[in-house]
Amino acid sequence: MRDVIASPDNKFYKLLKKLDKKKYRDENSIFKAEGEKFLNENINFNKIIVKESKFDYFDEKYEISKHDNLTILKDNLFDEVSTQENSQGIIFLYSKNLNTIEDIQGDVVILDDIQDPGNAGTIIRTMIAANFQNLILTKGSVDVYNPKTVRATMSGIFKLNIIYETPENIVKFLNNKNYLKIATALHEDSISYEKIELQENNAFIFGHEGGGVSEYLIKNSDIKAIIPIYGNIESLNVSVATGIFLYKMREKLGSL
C-alpha cells in the first residue's frame, strides 16, 4: 500500500512548506530541488516527494517505488509546496554543502553581496562550464539554496564547493594561502583583464548588482581589473561579466 500524506497537519508536510524560507533550510541543513531532471543526476538525495497523480508515470519510467525514502502527497498538498507554476510533480530533498573555507583548494570565485537568485544560478552554471569548482559568497548574499537559484543552476549547485563567509575571514584566508586577489572594479588603477598575469592560486571577485565589489575587498585586492566595453553602455550584468571574465581567465590558465 502506498503511503500518501493527505492532511495539511502532517509534520513532514509542514516542514516541506517551511523549506521555502532560508531560516528553516539553515536549521535543517536541507533544501528542495524540483523537476524530473534530478532523477537523472547521480546525486544522493534524502527523500523523493511525488504528486499522487504523477506517481504511476514516475514509477513506470524510473521505478521510484523501490526507494525507501519516498513520500507521496495528495495533489492539492503537493501544489502548495511546489515552487513552479507548471510543476512536473516531483521534488527532492538534498543535504546542504557543509564545507568550510579551509576546505577550499585551487582557484576560487568570490561573489560579494550578490542579491539576485537568477544571477547566482547563472554564475554557478558558468563556473562549471569554465571548470571552476570553488565558490565563496559573502554573508548577506543571496541564498543559493533557495528554489529559484537551485532551478537556475540546472543541477550545477551539486558540483561546486560553496561557502558563505565574512569579507574579513575571506581576506584572511586568501592572504594566508597566498592567493592573487583580483577584484573586478572601475577604479583609477584598474587594468584590462587582458593584462592580468595569473599565479598558482587565484581569487576572482565580483560584486553587487548595483554597487559592485565592496570598498573593503577592493582595498584588499592585489589587482583591480575591468572588461573593456566597446559600445555605448555603462556596464554589464554581473552574470554576463562573470562569464566573460572567467572564460578569459580559463584561457590564461590553460596557457600557463
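Residues numbered from 1 in each chain as written. Predicted model: local features only at pLDDT ≥ 70, side-chain atom pairs only at ≥ 80, totals over all residues. Heavy atoms only, no water.

- Going by an unreviewed UniProt entry, the chain carries the name tRNA/rRNA methyltransferase SpoU and comes from Leptotrichia shahii.
- In UniProt, the chain has this text filed under Sequence similarities (unreviewed entry): "Belongs to the class IV-like SAM-binding methyltransferase superfamily. RNA methyltransferase TrmH family." (UniProt positions renumbered as here; feature names shortened; annotations may be inferred.)

## Things to note about the side chain of serine 239
Part 1 of the argument: Tracing the backbone shows serine 239 in helix 9 (residues 238-254).
Part 2 of the argument: Within the structure, the side chain of serine 239 is placed 3.4 Å from the side chain of asparagine 119, a separation counted as a polar contact.
Part 3 of the argument: Here the side chain of serine 239 touches asparagine 237 through a polar contact of 2.4 Å, side chain to side chain.
Part 4 of the argument: With residues near it in sequence (within four places) discarded, serine 239 still touches Asn119, Thr122 and Ile123. (Helix = DSSP H or I, 4+ residues; strand = E, 2+ residues; numbered from the N terminus. Polar contact = N/O pair within 3.5 Å; in protein donor to acceptor, adjacent residues only side chain to side chain. Contact = heavy atoms within 4.5 Å.)

## Quick notes on the UniProt feature "domain: MRM3-like substrate binding" (unreviewed entry) in the chain
Part 1 of the argument: UniProt marks residues 11-91 with the feature "domain: MRM3-like substrate binding" (unreviewed entry), using the numbering shown here.
Part 2 of the argument: Taken as a whole, residues 11-91 contains 37% helix and 20% strand, while its terminal C-alpha atoms sit 17 Å from one another.

## Details of the pattern of salt bridges
Part 1 of the argument: Inspection of the entire model under this criterion finds 13 salt bridges.
Part 2 of the argument: With a shortest N-O distance of 3.3 Å, glutamate 52 and lysine 74 are connected by a salt bridge. Here glutamate 52 is found in the loop between strand 3 (47-51) and helix 3 (55-62), whereas its partner lysine 74 is found in the loop between strand 4 (70-73) and helix 4 (75-81), with 22 residues between them in sequence.
Part 3 of the argument: Exposure remark for lysine 74: the relative accessible area of 31% places this residue in the partly exposed category.
Part 4 of the argument: The salt bridge partner of lysine 248 is glutamate 194, with a shortest N-O separation of 3.5 Å. Residue lysine 248 is located in helix 9, and its partner glutamate 194 is located in the loop between strand 10 (191-192) and strand 11 (202-207); the two are separated by 54 residues in the primary sequence.
Part 5 of the argument: By relative accessible area, lysine 248 is classed as buried at 18%.
Part 6 of the argument: One salt-bridge network, held together by shared partners, links Lys22, Asp26 and Lys96. (Salt bridge = Lys/Arg side-chain N within 4 Å of Asp/Glu carboxyl O. Buried < 20%, exposed > 50% of the residue type's maximum accessible area, 1.4 Å probe, protein only.)

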